[in-house]
Each structure stands twice: as structure tokens, then as C-alpha cells.
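Structure assessment
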Amino acid sequence: MPLHVPPAPAPALRTVLTALGSPTAVREARTPSLRLAQGPVTPELPLPVHVLDRITPAGASTTRLAGWRFLIRSGDRAVAAADTMLTPDGWAFSRFFEGPYITATERALRQAETMQQPYQARLLSVPELYMLTLWLHGDCTADGATGHPAATDLLVPLAPAPPGIAAHRPYLVTELLPVLTHRVTPAPLLSSPA
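Just so it is clear, the model here is predicted, and its values are computed rather than measured. (Residues numbered from 1 in each chain as written. Predicted model: local features only at pLDDT ≥ 70, side-chain atom pairs only at ≥ 80, totals over all residues. Heavy atoms only, no water.)

With that out of the way, let us pick up the side chain of S74. With respect to the helices, strands and loops of the structure, S74 is situated in strand β3 (residues 61-74). Residue S74 is classed as buried on the basis of its relative accessible area, which comes to 11%. The residues touching S74, leaving out its near neighbours within four places in the chain, are A37, Q38, P40, V41 and V79. (Helix = DSSP H or I, 4+ residues; strand = E, 2+ residues; numbered from the N terminus. Buried < 20%, exposed > 50% of the residue type's maximum accessible area, 1.4 Å probe, protein only. Contact = heavy atoms within 4.5 Å.)

Encoded structure:
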């Protein structure tokens, strides 16, 4: 089944294209693979990046759109990514970066393309656990910039995933959120028998 990638806001894409065209922005980025890329580089596969701000004990989640991420392709592979963020003046380029999440994102997207059900691709960040997941939203017609994980959506933790959570294994939201809730909930302090 096809994987749906929601369209990024045109101004967000323009800021990435402007940054890619700026020798200063590329040279100053901490991305050797981008600086050393041979031939043209292009931003592809825009994914809305949502942040999971809070998980309630009941398992409900609060998310917000943090920006859009574009994979930067050179030839047949992604060499870096570019993040954009919404500012009071509109969309702005944030940063170029590289690292394990680039290849993990590509791998998870290829894996999602083989699934029987169509999904809309998004990213969901869990800052408290230093965790990033590919969020496969069941409503392919939804606005990629809004919403929260539905019970039937899938979350695919990207490598490196936190200890005890398998990377690249699709989890139902109802299966993974309780694990995340347990991980981010502070343990009660033990009282001393003094």
C-alpha cells in the first residue's frame, strides 16, 4: 500500500532550499556528509515533527507540531536532514544535521511502504526519553500538522531507541503509550522507617 507523505508548507520548503543554496549555511553546518556530497542535493520526504509533551496516567497524549523535517538526498541516499520551525514571522530554517536517525528514518519509511494498510507518515518526538518514532497515522487525508496519536495508529521507534523498546518494531499506540507513561512517570520516593 502506498505511504502518504503530507505536503509541507511551501514557505518551509523555500527556507530549506535557500539554506541549501547558501555556501555559508552548508559550510557552517556540523554535517560533513552534506559538505562532502557530490552533485546536487535535494530536500525530499517532508515529515511533520510532532512533540509528545505529556502522557496522562490514562494514556491520553498531548502533542504539538514542532516543525517539518526534510531528508536531504544526494544521489541514491539521504546524507543529512533539515529542520524548519514555525516562528512569529512564519516558517524558518532551523538546522542541518546527520546521524543515526537519518538512516533509521529511511529504513522505517521503507518498512511502512510494505504494510497492507495505507498510512500518513509523521514523526513523533518524545524528548523526555530522547526518543524519535515514525508515527503512522491511519487517516491519510488528515492535515499532517494537526492531531494526536489515535489508538489504531502505529509508532515505529527509530534506532537508537531507549533500552527495552525495540527499534523498528511497529507498536500500536495503545501498546506503546503505557510503556512510555511508565518510563516518564517519576517513581514515588520511599519513606524511611526512622
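Here the structure, examined in full by the defined rule, presents one aromatic pair. An angle of 55 degrees between the planes, with centres 4.7 Å apart, marks the rings of F93 and F96 as tilted. For F93, a relative accessible area of 25% gives the class partly exposed. Judged by its relative accessible area of 7%, F96 is buried. Its end group placed over the ring of W135, R122 keeps NZ or CZ at 4.6 Å from the ring centre. Between R169 and the ring centre of Y171, over which it is positioned, the NZ or CZ distance is 4.1 Å. (Phe/Tyr/Trp six-rings, centres within 6.5 Å; stacked < 30°, edge-to-face > 60°. Lys NZ or Arg CZ within 6 Å of the ring centre and 35° of its normal.)

This part is about helix α1 (residues 10-20). Taken together, the buried positions of α1 are A12, T15, V16, A19 and L20. Taken around the axis of α1, the buried residues stretch over an arc of 135 degrees, which confines them to a single face. Turned more than 90 degrees from where α1 packs its buried face, R14 and T18 sit exposed. (Arc of directions from axis to C-beta.)

Right, let's talk about the environment of R169 for a bit. Examined against the element boundaries, R169 turns out to sit in the loop between β8 (154-157) and β9 (171-172). Judged by its relative accessible area of 35%, R169 falls in the partly exposed class. In this structure the side chain of R169 is engaged in a polar contact, spanning 3.0 Å, whose partner is the side chain of E175. (Polar contact = N/O pair within 3.5 Å; in protein donor to acceptor, adjacent residues only side chain to side chain.)

As a further point, take unusual backbone geometry. Trans is the common state for peptide bonds, and a negative phi is the common state for residues other than glycine. Here the residue pair A159 and P160 is connected by a cis peptide bond, since its omega of 5 degrees sits within 30 degrees of zero. With respect to the secondary-structure elements, P160 resides in the loop between β8 and β9. Despite not being glycine, Y130 has its phi angle at roughly 50 degrees, a positive value. With respect to the element layout, Y130 can be found in the loop between β6 (119-126) and β7 (131-137). Of the residues examined, Y130 reaches a relative accessible area of 73% and is grouped as exposed. The backbone phi angle of H168 is positive, close to 65 degrees, even though this residue is not glycine.

Geometric values such as these leave the question of function open.
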